[in-house]
Amino acid sequence: MSYPMSDDERAVIDQIERFAAEVLAPQAARIDEDSLFATVHLPAMAEMGLMGMNLPEEYGGIGLSGPALYAAVEAIAGACGSTASMLTAHFLATDSLLLGADDALKERFLPDAAAGKSLGAFALTEPQAGSNPADMSSFATADQDGYRIKGSKCFISNAGAADFMVVYAKTDRDAGARGVSAFVVEPKKTNGVDIAPNERTMGLKGGHVFGITLDCHVPAENRLGAEGTGFKTAMKVLDNGRIEVAAQATGIAAAAQNAAISYAKERMVGGHPIADFQGLQWMLADSATELAAARALAMQAAVKRGSGQRYSSESAFAKLYASEAAWRIADRALQIHGGYGYTRDFPLERYLRDLRIFRIYEGSSEIQRTIIARGLLA
Ligand SMILES: Cc1cc2nc3c(=O)[nH]c(=O)nc-3n(C[C@H](O)[C@H](O)[C@H](O)COP(=O)(O)OP(=O)(O)OC[C@H]3O[C@@H](n4cnc5c(N)ncnc54)[C@H](O)[C@@H]3O)c2cc1C
């Protein structure tokens, strides 16, 4: 599918697709096998400006439109899911600043983040507050020149290598979601930020996630916007992030479908390429249809985002559909590979393991349905 974008953006995407095929794809199996942190690709990605693709040029970013950003993430995820996960977690942190911080804070952190000189993390989830982050118990107590933040976070992508983290914590315990504020914490320069070893996960083994314990001080100027605006910022960031999750899901599903098409033409059974069997042709047709639908829903969300209107429902449609369709597409692709698909000699089992998280993080499928239903019933 060709996405609506300018000629300049098309040139950037062509370059990213080449980089994905020539640099990322050949390393993807090793990253998975060795659980190698995908930050190994950070210098090359920084060199190309990829860490700032989502940021406007005034902060040193490329300022891609929604459709072009989607195409970029899709290409990267199709080559290496772990690398796309590391990259999009960085975007969650920089989007938090872009959408929630004042100019001074943006100017302090975004240019280095866009240049890939600093890596970001987005710290919202807590052990007792995942699907309903307003239940968080991390608390920031105002003191003389800033805040003391105490609490714990879990499953925070990139935290172990992060130069800055956007940490969400309550400043008012009794105000529910309106009591949440957001702060930049620089873990490498701040005492009292304890990061556990990375979790052992089913897939995206190079997209490392960490638990964090915080008992640290941050200056007042590290707060994003006014007290109590953090939850709103996080929800806006996730509206955006969910389109990127849809892009990751579609990228991996498209890689699985392409592998299945090639294999079906080559694999001979009973003197025929298996592509001759109508049962398999229909699987490929169903997958192609679902890929097209996933991309169309994501474009609808990306275009609406660009128009400045609210797009929470559209972004939920895109994430929900793409993450669930991607599972079916990769499963069919593995089936078409027969027993070989089940081995580690082929990437199909990795695709399935990597894909599984997209139905869980940045709001599970159940939460996406809740968002959509709320929009319908409002
Ligand atoms: C690999 C990975 C990377 C991650 N990266 C980050 C990150 O960078 N930053 C960050 O902040 N978080 C991150 N997360 C956390 C992730 O966003 C949460 O795991 C997710 O939101 C679900 O929260 P939970 O695990 O607490 O599940 P729970 O909230 O305990 O949910 C358990 C089950 O209950 C269902 N459920 C919950 N509420 C409802 C409801 N109202 N209606 C119906 N069903 C419901 C859920 O859908 C789920 O099936 C990451 C997680 C993983 C595994």
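In this text the structure is predicted, and so the values were computed from the model without any measurement.

Visitor: Sorry, what's going on with the overall build of the protein chain here?
Guide: Counting its regular elements, the protein chain contains 11 helices and 10 strands. Since a compact globule built from 378 residues should have a radius of gyration of about 21 Å, the 21 Å found for the protein chain is in line with a globular shape. The principal-axis extent of the C-alpha atoms belonging to the protein chain is close to 80 × 45 × 40 Å. Put simply, the protein chain has 378 residues, and 54% of those count as buried. Approximately 16,200 Å² of the protein chain is accessible, and the part contributed by carbon and sulfur atoms is 51%.

Visitor: Before we go on, may I ask you to explain a negative patch on the surface in this structure?
Guide: Residues Glu 58, Asp 102, Asp 103 and Glu 107 make up a contiguous surface patch of negative charge. Its location among the elements puts Asp 102 in the loop between helix H4 (81-100) and helix H5 (103-114).

Visitor: Is there a simple way to explain the layout of surface pockets in this structure?
Guide: Rolled over the atoms, a probe as big as a water molecule pinpoints where empty space is left. A volume near 350 Å³ is recorded for the second largest pocket. Contributing to the lining of the second largest pocket are 19 residues, with Glu 17, Glu 74, Ala 75, Ala 254 and Arg 295 lying nearest its centre. Elements represented by at least two residues in the lining of the second largest pocket include exactly helix H1 (7-33), helix H3 (66-79), helix H6 (230-266) and helix H7 (278-306). When residues in the lining of the second largest pocket are grouped by element, the largest group, six residues, is from H1. Among the residues making up the lining of the second largest pocket, the classes are represented as 12 nonpolar, three polar and four charged. Each of two domains, domain 1 (7-114) and domain 3 (232-377), supplies a minimum of three residues to the lining of the second largest pocket.

Visitor: Is there a simple way to think about the environment of Ala 296 in this case?
Guide: The topology assignment puts Ala 296 in helix H7. It is 9.3 Å that separates the C-alpha atoms of Ala 296 and Tyr 3, two residues lying 293 residues apart in sequence.

Visitor: Explain the packing of H3 against H7 to me, please; I cannot follow it from the model alone.
Guide: Relative orientation and spacing of two packed helices are given, respectively, by the angle between their axes and the distance between those axes. For the pair H3 and H7, the least separation of the axes is 8 Å and the interaxial angle reads 140°. Taken together, the axis directions place H3 and H7 in an arrangement best described as oblique. Of the residues in H7, those in contact with Gly 66, Pro 67, Tyr 70 and Glu 74 of H3 are Ala 294, Arg 295, Ala 298, Met 299, Ala 302, Val 303 and Arg 305. Across the contact of H3 with H7, the residue classes break down as seven nonpolar, one polar and three charged.

Visitor: What is the right way to read the site of the ligand from this model?
Guide: Close contacts around the ligand come from 16 residues, with Thr 125, Ser 131, Phe 155, Ser 364 and Glu 366 the closest. One of the backbone nitrogen or oxygen atoms of Phe 122 is found 2.8 Å away from a nitrogen atom of the ligand. Contact between the ligand and Leu 124: an oxygen atom at 3.0 Å from a main-chain N or O atom of the residue. Contact with the protein chains covers 63% of the free accessible surface of the ligand, which is 980 Å². Elements with a contribution of two residues or more to the shell around the ligand: strand S3 (146-157) and helix H11 (365-377). For the shell around the ligand, the element with the highest residue contribution is S3, accounting for three residues. Residues belonging to the shell around the ligand are distributed by class as follows: nine nonpolar, five polar and two charged. Mapped onto the domain boundaries, the shell around the ligand takes at least three residues apiece from domain 2 (120-231) and domain 3 (232-377).

Visitor: When you look at empty space enclosed by the protein in this model, what are you seeing that I'm missing?
Guide: Applying the stated criterion across every chain, the model contains two cavities of 30 Å³ or more. When its volume is computed, the largest cavity comes out at roughly 50 Å³. Lining the largest cavity we find Gly 66, Leu 69, Tyr 70, Asn 240, Ile 243, Glu 244, Ala 302 and Arg 305. Along the lines of polarity and charge, the residues of the lining of the largest cavity split into four nonpolar, two polar and two charged. Taken domain by domain, the lining of the largest cavity gets at least three of its residues from each of domain 1 (7-114) and domain 3 (232-377).

Visitor: Any chance you could explain the packing of aromatic side chains here in plain terms?
Guide: Each aromatic ring pair is summarised here by two numbers: the centre-to-centre distance and the angle between the ring planes. Using the criterion set out here, one finds eight aromatic pairs in the structure. On the numbers, 5.9 Å between centres and 55° between planes, the contact of Phe 358 with Tyr 361 is tilted. There is no split in this pair, since Phe 358 and Tyr 361 are both buried. By the ring-pair criterion, three or more aromatic residues cluster together here, those being Tyr 263, Tyr 340 and Phe 346. Arg 173 extends its terminal NZ or CZ atom over the ring of Phe 139, reaching a point 3.9 Å from the ring centre. If you follow Arg 359 out to its NZ or CZ, it ends over the ring of Trp 327, 5.5 Å from the centre.

Procedures and definitions
- Residues numbered from 1 in each chain as written.
- Predicted model: local features only at pLDDT ≥ 70, side-chain atom pairs only at ≥ 80, totals over all residues.
- Heavy atoms only, no water.
- Helix = DSSP H or I, 4+ residues; strand = E, 2+ residues; numbered from the N terminus.
- Rg over C-alpha atoms; globule rule 2.2 N^0.38 Å.
- Buried < 20%, exposed > 50% of the residue type's maximum accessible area, 1.4 Å probe, protein only.
- Areas by Shrake-Rupley, 256 points an atom, 1.4 Å probe, with all protein chains shown as cover.
- Patch = residues over 30% accessible without salt bridge, like charges linked within 9 Å, V, L, I, M, F, W, Y side chains within 5 Å.
- Salt bridge = Lys/Arg side-chain N within 4 Å of Asp/Glu carboxyl O.
- Lys, Arg positive; Asp, Glu negative; His and termini not counted.
- Charge placed at Lys NZ, Arg CZ, Asp CG, Glu CD.
- 1 Å grid on protein atoms, 1.4 Å probe; cavity = no way out; pocket = protein on both sides within 12 Å on 5 of 7 lines; lining within 4 Å.
- Points joined across faces, edges and corners; volume = space filled by probe spheres on them.
- Nonpolar A, V, L, I, M, F, W, Y, C, P; charged D, E, K, R; others polar.
- Domains from an automatic or database assignment.
- Axes fitted to C-alpha atoms, helices over the stretch in contact; angles between N-to-C directions.
- Parallel < 35°, antiparallel > 145°, perpendicular 65-115°, else oblique.
- Contact = heavy atoms within 4.5 Å.
- Near = heavy atom within 4 Å.
- Polar contact = N/O pair within 3.5 Å; in protein donor to acceptor, adjacent residues only side chain to side chain.
- Phe/Tyr/Trp six-rings, centres within 6.5 Å; stacked < 30°, edge-to-face > 60°.
- Lys NZ or Arg CZ within 6 Å of the ring centre and 35° of its normal.

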